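In case you want the letters, here they are:
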Amino acid sequence: MKTLKAGSVWLLACLAFIASCNDHKPKPDNLPHVNENPQAANSIDSSAAPAVPQPGDHRFIVEINKMKFVPDQLTVHKGDTVVWINNDLTNHCVTDTGKAWTSSTIVPGRFWTKVFTKNADYFCAIHVVMKGKIQVE
Amino acid sequence: MKKKMLFRSCILIIAMVVAFLPATSQKKKASKLSDAEIASVAVAANQIDIQAAQLAQQKSKNAEVLNFAKTMIADHQSVIDKASALVTKLGVTPKDNAVTRHLQANAKKTMARLEAKSGPAFDKAYAQNEVTYHKAVIAAVDKTLIPDAQNAELKSLLQSVSPVLHTHLEHAEMVAKNLK
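1. What about unusual backbone geometry?
All names here are of chain A.
Part 1 of the argument: Note that the residue after Val 70, namely Pro 71, is joined by a cis bond; omega there is 0 degrees.
Part 2 of the argument: Tracing the backbone shows Pro 71 in the loop between strand E2 (68-70) and strand E3 (73-76).
Part 3 of the argument: Phi is positive for Met 67, which is not a glycine, with a value near 65 degrees.
Part 4 of the argument: Within the element layout of this structure, Met 67 appears in the loop between strand E1 (59-65) and E2.
Part 5 of the argument: By relative accessible area, which is 4% here, Met 67 ends up buried.
Part 6 of the argument: Phi angles above zero are rare outside glycine, and Lys 99 is one such case at about 60 degrees.

2. Quick look at the sheet that holds E1 of chain A
Residues and elements named next belong to chain A.
Part 1 of the argument: Read across the sheet, four strands follow the order E2-E1-E4-E6 without closing on themselves; strand pairing throughout is mixed. Because the sheet does not close on itself, it has two edges, and the strands there are E2 and strand E6 (111-115). The sheet shows a mean angle of 20 degrees between the axes of neighbouring strands, taken without regard to direction.

3. Describing the layout of surface pockets
Residue and element names in this part refer to chain B.
Part 1 of the argument: Counted as a void, the largest pocket has a volume near 550 Å³.
Part 2 of the argument: What lines the largest pocket is a set of 33 residues, among which Ala 45, Ile 48, Leu 103, Tyr 133 and Val 137 lie closest to the centre.
Part 3 of the argument: Contributing elements (two or more residues each) for the lining of the largest pocket: helix H2 (35-59), helix H3 (63-90), helix H4 (98-115), helix H5 (119-148) and helix H6 (152-179).
Part 4 of the argument: Ranked by the residues each element gives to the lining of the largest pocket, the list is headed by H5, at nine residues.
Part 5 of the argument: A breakdown of the residues in the lining of the largest pocket according to their chemical character gives 24 nonpolar, seven polar and two charged.

Rules behind the numbers
Residues numbered from 1 in each chain as written. Chains lettered and ligands numbered in written order. Predicted model: local features only at pLDDT ≥ 70, side-chain atom pairs only at ≥ 80, totals over all residues. Heavy atoms only, no water. Helix = DSSP H or I, 4+ residues; strand = E, 2+ residues; numbered from the N terminus. Buried < 20%, exposed > 50% of the residue type's maximum accessible area, 1.4 Å probe, protein only. Pairing = 2+ DSSP bridges. Axes fitted to C-alpha atoms, helices over the stretch in contact; angles between N-to-C directions. 1 Å grid on protein atoms, 1.4 Å probe; cavity = no way out; pocket = protein on both sides within 12 Å on 5 of 7 lines; lining within 4 Å. Points joined across faces, edges and corners; volume = space filled by probe spheres on them. Nonpolar A, V, L, I, M, F, W, Y, C, P; charged D, E, K, R; others polar.

Spelled out as structure tokens, the structure:
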């Protein structure tokens with residue numbers, strides 16, 4: 001009986017440990033919302049939010065840094081979300097070249113998200129020479 | 001006898017080299033800007049471009065020129081704010097110097113030239129001046145201010161400003177080309 005109890009306690013402890021590990025696993029939904037927390041963007045760990053698409057990852061990061069969209073070309077699947085994080089010195093924005101949509105101004109430290117269902121060419125309407133492309137597969 | 005002459009010649013050459021060395025190092029030091037002088041140049045250069053952009057906002061009706069001017073004001077003010085915060089943190093007081101005075105004297109002439117123009121002639125002159133000005137400022141930042149900066153944070157700020165200036169130049173060239 002004692003052995004059974006000890007075994008149960010050990011099993012529960014193991015389950016609790018596994019559950020706690022899962023809680024810390026990076027989830028795409030853990031990214032803070034756009035413009036809610038100006039400091040949060042700087043705290044995003046690039047290892048937890050990879051710019052390079054990973055299997056099963058439906059959220060992609062484009063960093064705005066040194067007056068460039070990084071990466072400036074991105075291939076996603078239909079329905080995937082792209083997050084632009086402004087880690088630059090100045091304000092930027094993300095605007096469709098056909099002006100179908102725009103993020104409006106993204107100040108340093110903040111970010112903006114958009115779900116993509118079709119291809120898009122975009123630019124920064126503040127710095128018109130900054131350009132990027134989203135390819136939807 | 002020959003040995004004595006050779007020895008005397010060597011002593012003479014060494015003495016000449018030693019006498020010349022301090023003058024060379026002093027000359028090098030004198031041409032370098034201190035961090036306080038760099039801060040002054042940085043603030044003045046950004047203020048000059050803001051003043052030109054404010055004039056463009058008053059005089060131009062061209063959407064592309066107005067958008068460019070708006071960007072210049074926002075970006076250069078952002079750099080001034082960052083530079084001011086840094087010099088306050090470092091306890092450095094921007095120090096007036098020959099480079100700052102040269103920039104301001106040239107800017108006075110440019111502003112007078114731009115103020116005398118109006119309409120499309122103003123737009124062209126403003127856009128062309130922005131191309132010339134950004135080329136000069138990029139050269140100053142990349143070749144003088146960054147190499148001369150002693151403080152690591154000041155050097156880093158200048159390095160992060162450089163891509164902003166390069167983007168402005170590209171943008172100004174695009175505006176100037178579209179106005180032709």
